[in-house]
Amino acid sequence: MSAVVMDGKALAAKVKEQVRQKAEKLSRRPGLAVIIVGDNPASRVYVNGKKKDCEECGFYSEEHALPGTAAQEELLELIAALNERGDIDGIMVQLPLPGQFNEQEVLRAIRTDKDVDCFHPYNVGKLMIGEKGFLPCTPAGVMRMLEEYGVDVAGKHCVVVGRSNIVGKPQSILMLQKHATVTICHSRTPDLAEQCRRADILVAAVGKVGLITADMVKEGAVVVDVAMNRNEQGKLCGDVCYEEVTKKASYITPVPGGVGPMTRAMLMENTLYAAVNHGK
Ligand code: GUN
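Residues numbered from 1 in each chain as written. Predicted model: local features only at pLDDT ≥ 70, side-chain atom pairs only at ≥ 80, totals over all residues. Heavy atoms only, no water.

Trainee: Help me out: how do you make sense of helix H10 (residues 259–278) in this one?
Mentor: Structurally, the α-helix is built with 3.6 residues per turn, so residues lying three or four positions apart point the same way. Here H10 spans 29 Å end to end across 20 residues, near enough to the 28 Å set by a 1.5 Å rise per residue. All buried positions along H10 are accounted for by Val259, Pro261, Met262, Ala265, Met266, Leu267, Met268, Asn270, Thr271, Leu272, Ala274 and Ala275. Along its buried surface, H10 packs onto helix H1 (8–24), strand S2 (31–37), helix H2 (41–57), strand S4 (90–93), helix H6 (137–148) and strand S8 (222–225). (Helix = DSSP H or I, 4+ residues; strand = E, 2+ residues; numbered from the N terminus. Expected span 1.5 Å × (residues − 1). Buried < 20%, exposed > 50% of the residue type's maximum accessible area, 1.4 Å probe, protein only. Contact = heavy atoms within 4.5 Å.)

Listed below in C-alpha cells is the structure:
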C-alpha cells in the first residue's frame, strides 16, 4: 500500500486565498518588509517566493537587500526604521546571516508585534506557555497540514528528529500543546532508528539526505519531512527516503511541495494577524 501524499502546495494555495479574502476587508493593506543580507542563492529563492505570496494575498511588500559586507549596526538601523513605520506590519530577516552578524541581537531588535517569524525571545516565551500570539511558520504549517488531512495528534507518540530553534524545538511544543507525547531526537541520540520506530507521527527536520529509511518507520506511521536538501544529482529532496518510506507510511509529505509552501502560507497568516492587531 502507498501512503496518502499530503499536498502542501494545494493546501497553501487554499490558505493564501482565505488570507486574501480576510485582508481585503481591512481598511489598509497588510505590509511585509523582507530583509536579505548577502547573496546566498537559497535565501534569494525563499525571498522571491515570499514576494510572490504577498502579491497573491494582496499585501504590500518591500525588499531590503544589504550587501554581504554590511555591518551589524547598519542592519539594526534598518530594523529600527521599519519598526516605526505605520505601513509595515511584519518584518522578517532571512536567515542565515553572514558570519559577522550577531543573529540573536538582530532578531531581538524586531518589534515583538511585527515579529512574523516568531523568533523574538518574547514571542518564543509566549509560545512556550501557550499564550495567543504569532506561531512559528514551519511548525504551524506542519500542524495545519496534519489537521487538514484529519491526523489527530492527541494521545499519539510524536518523534521529532532535530532540535533547531526554527523547527525542532517549536514543533515539539506545538505537538505537546495538542496533547501528544513527544520525543525529541538529535545527533547524540544513541539509537535513532529505535526511537523513530516508536513514532505514530515522525517529523524529520535535520537536513541530511537519506537519514530516514523504511526500517526506521512503523507500519502506518505519518511521516512529515521538513528538510530541504539537494542530493548528489542536485535534485531537491528531504531527509526521508521517500520511495521506500511511502510504501510503509499512511500519510507522507513530498519534498518539494509539502511543508515548504505551508511555511510560506503561515508567514502570510502571521502578517495578516499583525495587521489586524495594528488596526485595533
Ligand atoms: N531561513 C530558513 N528558514 C527560515 C524562516 O522560516 N525564516 C527566516 N527568516 N529565515 C529562514
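Trainee: Can you walk me through the nonpolar core in this structure?
Mentor: If you look at soluble globular proteins, the nonpolar side chains tend to sit buried side by side. If you look at the biggest cluster of nonpolar residues, it comprises 47 residues, and the most contacted ones within it are Leu146, Met175, Ile201 and Val224. Per element, the largest residue contribution to this core is eight residues, and it comes from H10. If you look at the next biggest cluster of nonpolar residues, it comprises 21 residues, including Val161, Cys185, Val245 and Ala249. (Core = buried A, V, L, I, M, F, W, Y, C linked by side-chain atoms within 4.5 Å.)

Trainee: Even after reading the chapter, I still don't get the state of the cysteines, so can you show me in this structure?
Mentor: In a disulfide, the sulfur atoms of two cysteines are held together by a covalent bond. Counted by the stated rule, this structure contains zero disulfides. Cys57 carries a free sulfur, and the closest cysteine sulfur to it, the one in Cys54, is 7.0 Å from it. According to the relative accessible area criterion, Cys57 is buried, its value standing at 1%. Of the cysteine sulfurs around Cys158, a residue in no disulfide, the closest is that of Cys185, at 12 Å. When its relative accessible area of 0% is taken as the criterion, Cys158 is described as buried. (Disulfide = S-S within 2.5 Å.)

Trainee: I tried to follow the layout of surface pockets on my own but got confused; where do I start?
Mentor: One simple way to see leftover space: roll a probe sized like a water molecule over the atoms. Looking at the largest pocket, its volume works out to about 1,400 Å³. Together, 49 residues line the largest pocket, and Tyr46, Val226, Met228, Gly260 and Thr263 are the ones closest to its centre. Among the elements that line the lining of the largest pocket, the one with the most residues is H2, at nine residues. Across the lining of the largest pocket, the residue classes break down as 27 nonpolar, 12 polar and 10 charged. Taken together, 26 residues make up the lining of the second largest pocket; nearest its centre are Leu135, Ala140, Arg144, Glu147 and Glu269. When contributions to the lining of the second largest pocket are tallied by element, the ones reaching two or more residues are H1, H6, helix H7 (168–177) and H10. (1 Å grid on protein atoms, 1.4 Å probe; cavity = no way out; pocket = protein on both sides within 12 Å on 5 of 7 lines; lining within 4 Å. Points joined across faces, edges and corners; volume = space filled by probe spheres on them. Nonpolar A, V, L, I, M, F, W, Y, C, P; charged D, E, K, R; others polar.)

Trainee: What should I look at first to understand empty space enclosed by the protein in this one?
Mentor: Counted under the stated rule, the structure contains one cavity of 30 Å³ or more. In this structure, the largest cavity spans a volume of roughly 30 Å³. Along its surface, the largest cavity is lined by Val34, Val47, Lys51, Ser61, Glu62 and Glu63. Of the residues in the lining of the largest cavity, the class split is two nonpolar, one polar and three charged.

Trainee: Can you help me understand the sheet that holds strand S3 (residues 60–66) in this one?
Mentor: Paired through backbone hydrogen bonds, the strands of a sheet run either parallel or antiparallel to each other. Here we have three strands laid out as an open sheet, ordered S3-S2-S4, and parallel in their pairing. Here the strands that pair on one side only, and so sit at the sheet edges, are S3 and S4. Taking the axes of each pair of neighbouring strands and ignoring which way they run, one obtains an average angle of 15° across the sheet. (Pairing = 2+ DSSP bridges. Axes fitted to C-alpha atoms, helices over the stretch in contact; angles between N-to-C directions.)

Trainee: Got a minute to help me understand the site of the ligand in this structure?
Mentor: Around the ligand, the neighbouring residues are Met92, Val93, Gln94, Leu95, Asp117 and Phe119. Leu95 has a polar backbone atom sitting 3.0 Å from a nitrogen atom of the ligand. Coverage of the ligand by the protein chains reaches 81% of its 280 Å² of free accessible surface. In this structure, the ligand is accommodated by the largest pocket. When grouped by side-chain class, the residues that make up the shell around the ligand number four nonpolar, one polar and one charged. (Near = heavy atom within 4 Å. Polar contact = N/O pair within 3.5 Å; in protein donor to acceptor, adjacent residues only side chain to side chain. Areas by Shrake-Rupley, 256 points an atom, 1.4 Å probe, with all protein chains shown as cover. Sits in = over half its atoms within 2 Å of the grid points.)

Just geometry here; none of it tells us what the structure is for.
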